[in-house]
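This is what each chain is made of:
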Amino acid sequence: MTTAEERSTTSATAPGATGGSGLLGTPLDIREDEHLLRGEATFIADVRLPGTAHMAILGSEHAHARIRGIDSSAAEAMPGVLAVATAADFADVMPLPCIWIPGGVESHFPPHPYGLPGARPVLSGDVVRHVGDAIAVVVAETAKQAAQAVKALVVDYEPLPVVLRADEALEDGAPQLHEAVPKNLNAYWTCGDKESTDQAIAEAEVVVELDLVNQRTINSPMEPRGAVGHYDVTTGEYTLYASTQGPHNHRFLLAALVLGIPFNKLRVVAPTVGGSFGTKGYLYPDMALVLLMSQRLGRPVKWVDTRTGLMNSTVQGRDHRQHAVIAGTRDGRITAVRCTSYANLGAYPSTIGPGVATALMGRSITGMYAIPAAFCEVYAAFTNTVPLGAQRGSGRAEAAFLMERLVDRYAREIGMDPAAVRRQNLVPADAFPYDNGLGWTYDSGNYPENFDKALRLAGYDGIQARRSEAARRGKRLGVGIATYVAVCGVGPSTRMSQEGMLGGTWESANIRVHPTGEVTVTVGSASTGQSHQTVFAQVAADQLGIDPATVQVLEADTLKAPYGQGTYGSRSYSMAGPAIALTAQKVKDKMRRAAAAMFQVSEDKVVYANGKVFVEGDEENGKTFADMAMALWYGWNLPPGIEPALDETTHFDPPDFNYPFGTHVAVVEIDELTGDTEVVSYTAVDDAGNIGNPTIVRGQIEGSIVHGLGQALMEAAEYGEDGRLITKDLRTYPLPRATDAPFFALDKTVTPSPHNPLGAKGAGEIATVPPAAAVTNAVVDALSDLGVSHIDMPLTPEKVWRALNRDAEAQQ
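In this text, all values refer to a predicted model and were calculated from it rather than measured experimentally.

Conventions used here
- Residues numbered from 1 in each chain as written.
- Predicted model: local features only at pLDDT ≥ 70, side-chain atom pairs only at ≥ 80, totals over all residues.
- Heavy atoms only, no water.
- Salt bridge = Lys/Arg side-chain N within 4 Å of Asp/Glu carboxyl O.
- Helix = DSSP H or I, 4+ residues; strand = E, 2+ residues; numbered from the N terminus.
- Buried < 20%, exposed > 50% of the residue type's maximum accessible area, 1.4 Å probe, protein only.
- Phe/Tyr/Trp six-rings, centres within 6.5 Å; stacked < 30°, edge-to-face > 60°.
- Lys NZ or Arg CZ within 6 Å of the ring centre and 35° of its normal.
- Pairing = 2+ DSSP bridges.
- Contact = heavy atoms within 4.5 Å.
- Axes fitted to C-alpha atoms, helices over the stretch in contact; angles between N-to-C directions.

Caption draft 1: Structural context of the pattern of salt bridges. The final tally for this structure, using the stated rule, is 35 salt bridges. Arg267 is the partner of Asp557 in a salt bridge, and the nearest nitrogen-oxygen pair spans 2.6 Å. Within this pair, whereas Asp557 is found in the loop between β23 (551–554) and α17 (572–599), its partner Arg267 is found in strand β13 (residues 266–269), the two being separated by 290 residues in sequence. The class for Asp557 is buried, based on a relative accessible area of 5%. Salt-bridge contacts for Arg422 lead to Asp408; the nearest nitrogen and oxygen are separated by 2.8 Å. Of the two residues, Arg422 sits in helix α12 (residues 418–425) while Asp408 sits in helix α11 (residues 396–414), which places them 14 residues apart along the sequence. Assessed through its relative accessible area of 0%, Arg422 is described here as buried. Taking the relative accessible area as the measure of exposure, Asp408 reaches 3% and is therefore buried.

Okay, here's the thing in structure tokens:
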């Protein structure tokens, strides 16, 4: 329902981006659309292997309880039931591991046999720690029979005390979740300079404090998770079909660290994935369970989650309770910022949850501002809630919300326009690369240009006239600004290891040129809706100077694409894209070497351009791409050192992250009678460096904004005192609809990243980072004359109405 206006003030090419034919930056039609629109895509529920049996998982009905026994006799006797399994059946199966721990500090985890941080068992046997914790499975001939039988399992529970908040989990006497984790504290993690920050705050002319709740939210992709396991009794090989964004990582983790089988005995395939937003990059018990049950039964086993099951078992997002301080001068110069955050990891450490809750948030709190002193401390704790993981913009969104709310509070305290305060504190355009003092070194940017462009596009100077017009209609109009910097392009591997990542974060690409001139590109990335088939073909075609229709893209299958890392952290285009570009350069170099022998000239006289090789100045008599493909396929008369065929591979590991940024402006109208908040306009000016396909990026930006609006206005995972999830389905957990989204005014600036040959920066989740702050700032602005200085999200009509009528309520 949205429209977008995109303009570009800058057109630049990153160092090393050579040989492009101009296809990048062009809005080519998206290949994937046709089969998706026709309903021809194969999602996990559509995977049907001969002889498939169906699995159902019994999740705990208690948030914390001891299991005294499980009676499966009634379930085993039901029609179609093939097997029932509990934790006792998998005593030799290792627990799932956690591979991103808080870097550089002492941390505590459940144990793993290899001495690694453990996460959770495939089935809980002694104690359950959240509602939905998996404790048993039933496999039957049909999905309906399995679902009916799992309800017949009788579990004898001994309820235990429950704790739901991270700060309360650390208190003396709080219920303890794991023996290996004293006082439920996974880690105390810090970044920045505490001493200088405390001193700057003590010496400041103005100090503003703010307590914030960045509420827990539920990731809600269109497609819930699912898995199909197949064990081949003749070869001893396992195949896992799963709705995953990281098939290569899951292959390694399952084979080496859970099942204890040879790496080359496991294949992982991701069919079409109906959205992820971070949720499907994690290792879940069901992935191992379908493989184990397939081995036990000698036939494929399939499991597909329900919406309620997803809400009780798939990782949830955000969930920080923060005390923040900003300090500065009376004339608007920010001198210090400090944050103490209590991060709720849930009942178990998810695959990368602790890193999301610490580094991605803490190192990002200064955003686009040059602040001399900054410090952040995070207490990461376990509670009886669903495990925490990434949600689109994870960590960065929480940091932006904190910083942008602080700036607005500070501006009002000193009586300055919030835009003026922001403008004078932006990192200058000549300061890059810029060390933010918390661990990130921003690669490139022109923040003032981006900021001013957003305010012009939003009509910021005309807001007062709009307020008056809205007031005549019984509406309160408010405007909110939010800026952000988002660390993206996850790699480099060494840097990630310093942050506590137990693994590599490089990306791979292979290009095979067939004898007739067609090309197959194989990448380690895995699409969850980012149109990889289109944009990766576009990269290869651009670099090779060929028709993108001749380029095939393979991904998301560890048999076809043997090595890679996957899709997360807005890395696909800025990691896999450069890997493809560098591999294309190897193909061109080999063609040039072979052509030099054919033309009997030195290699430096041979030019590759427009899909041809030729002697400099004689393009007419050159050889086409297809000519050279055939020549190298035949391998006739090749000089020493040049092998036949064209098959090249690159493993790309960048020197540093990339740092997209932007400015968003929200304008809201509040109905004074009902408290209903409508976002009447939304302006976003983002900078993702050089863009491959503007159509794809525009869709990602629009979707990201709506995602952020959901958290601002309606979304919250609500738990009862007993730990049961109240918002357990889409009747109780609202999601934004088309009617909740305004028409967007979109624009961009372009400052290429020097850290990859395409000059690309992440784009897939960046526009989720600022909307919650922009909308909250706008609502508070609309109510500021009533003395309202903050409202916790979500900004429901009831909360806003109470803020409008708080004097009347106080008198009752």
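Caption draft 2: Seen up close, the packing of aromatic side chains. Counted under the stated rule, the structure contains 14 aromatic pairs. Relative to Tyr659, the ring of Phe657 has its centre 6.5 Å away and its plane inclined at 85°; by these criteria the two rings are edge-to-face. Plain terms: the ring middles of Tyr682 and Phe744 are 6.3 Å apart, the flat faces sit at 80° to each other, and that makes the pair edge-to-face. One end of the pair, Tyr682, is in strand β29 (residues 677–687); the other, Phe744, is in strand β30 (residues 744–748), and 62 residues separate them in sequence. A residue is classified by how much of its surface remains accessible, and Tyr682, at 0% relative accessible area, is buried. Overall, the relative accessible area of 4% leaves Phe744 in the buried class. Each member of the aromatic cluster is reached from another via a ring pair, and the members are Phe432, Tyr434, Trp440, Tyr442, Tyr447, Phe657, Tyr659 and Phe661. Between the NZ or CZ atom of Arg225 and the centre of the ring of Tyr284, over which it lies, the distance is 3.5 Å.

Caption draft 3: Broad picture of the sheet that holds strand β24 (residues 606–609). If you trace the 3 strands from one edge of the open sheet to the other, you get β24-β25-β26, paired in antiparallel fashion. Lying at the two open borders of the sheet, with one neighbouring strand each, are β24 and β26 (623–624). Looking at chain direction, strand β25 (residues 612–615) and β26 are connected through 2 bridges and run antiparallel. Paired with Lys612 across the strands is Thr624, a residue of β26. Relative to the sheet, α17 contacts β24, β25 and β26, its axis offset from that of β24 by approximately 135°.

Caption draft 4: Region of interest: the sheet that holds strand β15 (residues 316–328). Taken together, the 5 strands give an open sheet; going across it, the order is β9-β17-β16-β15-β10, and neighbouring strands pair in mixed fashion. If you trace the sheet from one side to the other, it starts and ends with β9 (185–192) and β10 (206–218), each paired once. Across the sheet, the mean angle from the axis of one strand to that of its neighbour is 10°, orientation sign disregarded. With 9 bridges connecting them, strand β16 (residues 334–344) and strand β17 (residues 373–381) associate as parallel partners. Looking across to β17, one finds that Arg338 is bridged to Phe375. Across the sheet, α11 touches β10, β15 and β16, and the angle it forms with β10 is around 145°.

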